[in-house]
Amino acid sequence: MIKILFICHGNICRSTMAESVMTHLVRQRHLEDRFQIASAATSREEIGNSPHYGTVNKLRSVGIPVIPHRAVQMTKQDYEKYDYLIGMDEANIRNMTRIAGGDPEHKIHRLLEYAGSGRAIADPWYTGNFDVTYDDIIEGCEALLDFLV
């Protein structure tokens, strides 16, 4: 079983979108038995909150089911539990590495690395543009899934 944890700052926009998108892609390929997919935050700001309405609306508009979710914070134990810890930007990567106490097994990556890009996924909490965020996330998730299978 391949275990993936998507991570962003608050776990209500980008990482929850990535969790729902990746789950959808895995189901489309009938690979559910090969993956465990979840998401988390590096901060405590949104703990317990449901996905942002912009994330929910965007996913619904493209026909992707929203995974039932409440924001949780990444823990040091998540580093041991998951095979891939996927962040959205450099600030996420720094915070993930701090929480994990380092990255000796090279499990921490930015999502768009798998699509051959060095760019970050912009936080729609600040930009308000969930369309651009979705486009980046679908590109990254498709590339990550292709890499893994």
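Residues numbered from 1 in each chain as written. Predicted model: local features only at pLDDT ≥ 70, side-chain atom pairs only at ≥ 80, totals over all residues. Heavy atoms only, no water.

Participant: Explain the pattern of salt bridges residue by residue, including any values.
Facilitator: Close approach of charged atoms allows side chains of opposite charge to pair. This structure, assessed with the given rule, holds eight salt bridges. One salt bridge connects Asp 123 with Arg 14, and the closest N-O pair in it is separated by 3.5 Å. Taken as a pair, Asp 123 in the loop between strand S4 (108–110) and helix H5 (124–127) and Arg 14 in helix H1 (residues 14–28) lie far apart in primary sequence, 109 residues in all. Each member of the pair Asp 123 and Arg 14 is classed as buried. Between Lys 107 and Glu 105 there is a salt bridge, with the nearest N and O atoms lying 3.7 Å from each other. The network of salt bridges with common partners includes Arg 14, Asp 89 and Asp 123. (Salt bridge = Lys/Arg side-chain N within 4 Å of Asp/Glu carboxyl O. Helix = DSSP H or I, 4+ residues; strand = E, 2+ residues; numbered from the N terminus. Buried < 20%, exposed > 50% of the residue type's maximum accessible area, 1.4 Å probe, protein only.)

Participant: Go over the side chain of His 109, please, and point to the residues and values.
Facilitator: Following the sequence through the fold, His 109 ends up in strand S4. Accessibility expressed as a relative area gives 19% for His 109, which makes it buried. At 3.2 Å, the side chain of His 109 and the side chain of Glu 113 are in polar contact. (Polar contact = N/O pair within 3.5 Å; in protein donor to acceptor, adjacent residues only side chain to side chain.)

Participant: Can you break down the nonpolar core residue by residue, with the values?
Facilitator: Counting residues in each nonpolar core, the largest one holds 34 residues, and the members touching the most others are Ile 4, Phe 6, Val 21 and Met 22. Elements represented by at least two residues in this core include exactly strand S1 (2–8), H1, strand S2 (35–41), strand S3 (84–87) and helix H6 (130–148). The contact partners of Met 22, leaving out residues within four places of it in the chain, are Ile 4, Phe 6, Ile 37, Cys 141, Leu 144, Leu 145 and Leu 148. Core analysis: the second largest hydrophobic core is formed by 13 residues, Ile 7, Ala 38, Tyr 79 and Ala 100 among them. (Core = buried A, V, L, I, M, F, W, Y, C linked by side-chain atoms within 4.5 Å. Contact = heavy atoms within 4.5 Å.)

Participant: Describe in detail the pairing of S3, supporting the description with residues and values.
Facilitator: Alternating residues of S3 divide into Tyr 84 and Ile 86 and Leu 85 and Gly 87, and every residue in both groups is buried. In terms of strand pairing, S1 meets S3 through four bridges, oriented parallel. Note on S3: the bridge partner recorded for Leu 5 is Leu 85. Bridge count between S3 and S4: three bridges; the pairing is parallel. Within S4, the residue paired with Leu 85 across the bridge is Ile 108. (Pairing = 2+ DSSP bridges.)

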